[in-house]
Amino acid sequence: MVLNRYRESVRGYLEAIVKPLSRAGLTPNAVTVIGLVLSLFSAYLYYLREPRLAGLVLLIGSLVDALDGTLARLTGKTSRFGAFLDSTFDRISDGAILFGIALGSLVDWRVAFLTFMGSYLVSYERCRAELAGSGKLAVGIAERAERLIILMVFSFLGARYVEYGVYIVGILAWITVVQRFYVAYQRLK
């Protein structure tokens, strides 16, 4: 939720980056796929116990992932399917990253699983509540961008610190789940 406040201030920078992509004929959905591929590669690097490199690839993948929506708006190619694709690939990416971290024995698999559940519930609650009529449910202490930044920071610190990042992400995800549940309850009762 913290980073959402800065979306408007970086919009001009994102548009400057996507203009050449648009001229090159790259579609928003292609950018979404590239972001997923980078995230999957990052997950593989975590599995290989290369967290600094994984964090760097995750950073690049996250920046690419931020471009698809801007490219869609700039080219007039926004679509409900594009939004669905982006959201679906974000969930795949989140799961793959935590799976790679667990497979690389950088954190206990049970912690990775609980973090995975919390991260998924954050998105699921928003989707279900909004479909039920809650209005925009962009509330909570740690949406996806914050969780990814935490993982990147701890990854850059090295292999023995990744575990702490996953713990923090898990705790913040579950706090966000509770926050969203409460707000959805207040709006939908």
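### Looking at helix α6 (residues 109-131)
Counted at 1.5 Å a residue, the expected span for α6 with its 23 residues is 33 Å, and the 33 Å between its end C-alpha atoms agrees. Those residues of α6 not exposed but buried are Val111, Ala112, Thr115, Gly118, Ser119, Val122, Ser123, Glu125 and Ala129. On its buried side, α6 packs onto α5 (80-103), α7 (144-157) and α8 (159-188). At the N-terminal end of α6, a side-chain oxygen is found 2.8 Å from the backbone nitrogen of arginine 110, two or three residues along, and the residue is aspartate 108.

### A word on the packing of α7 against α8
The N-to-C vectors of α7 and α8 enclose an angle of 165°; their axes lie 7 Å apart at closest approach. Considering the angle they form, α7 stands roughly antiparallel to α8. Between α7 and α8 lies a crossing whose hand is right-handed. Between α7 and α8, the residues in contact are Arg147, Ile150, Leu151, Phe154, Ser155 and Leu157 and Tyr161, Val162, Tyr164, Gly165, Val166, Ile168, Val169, Leu172 and Ala173, respectively. Grouping the amino acids of the contact of α7 with α8 by side-chain chemistry returns 12 nonpolar, two polar and one charged.

### A closer look at the confidence of the model for the chain
Per-residue pLDDT for the chain averages 92, and the proportion of residues at 70 or more is 95%. Here helix α1 (residues 7-23) is the element of the chain with the lowest mean pLDDT, 79, and α8 is the one with the highest, 97.

Calculation criteria
Residues numbered from 1 in each chain as written. Predicted model: local features only at pLDDT ≥ 70, side-chain atom pairs only at ≥ 80, totals over all residues. Heavy atoms only, no water. Helix = DSSP H or I, 4+ residues; strand = E, 2+ residues; numbered from the N terminus. Expected span 1.5 Å × (residues − 1). Buried < 20%, exposed > 50% of the residue type's maximum accessible area, 1.4 Å probe, protein only. Contact = heavy atoms within 4.5 Å. Polar contact = N/O pair within 3.5 Å; in protein donor to acceptor, adjacent residues only side chain to side chain. Axes fitted to C-alpha atoms, helices over the stretch in contact; angles between N-to-C directions. Parallel < 35°, antiparallel > 145°, perpendicular 65-115°, else oblique. Left-handed = near helix turned anticlockwise from the far one by under 90°. Nonpolar A, V, L, I, M, F, W, Y, C, P; charged D, E, K, R; others polar. pLDDT = per-residue confidence, 0-100.

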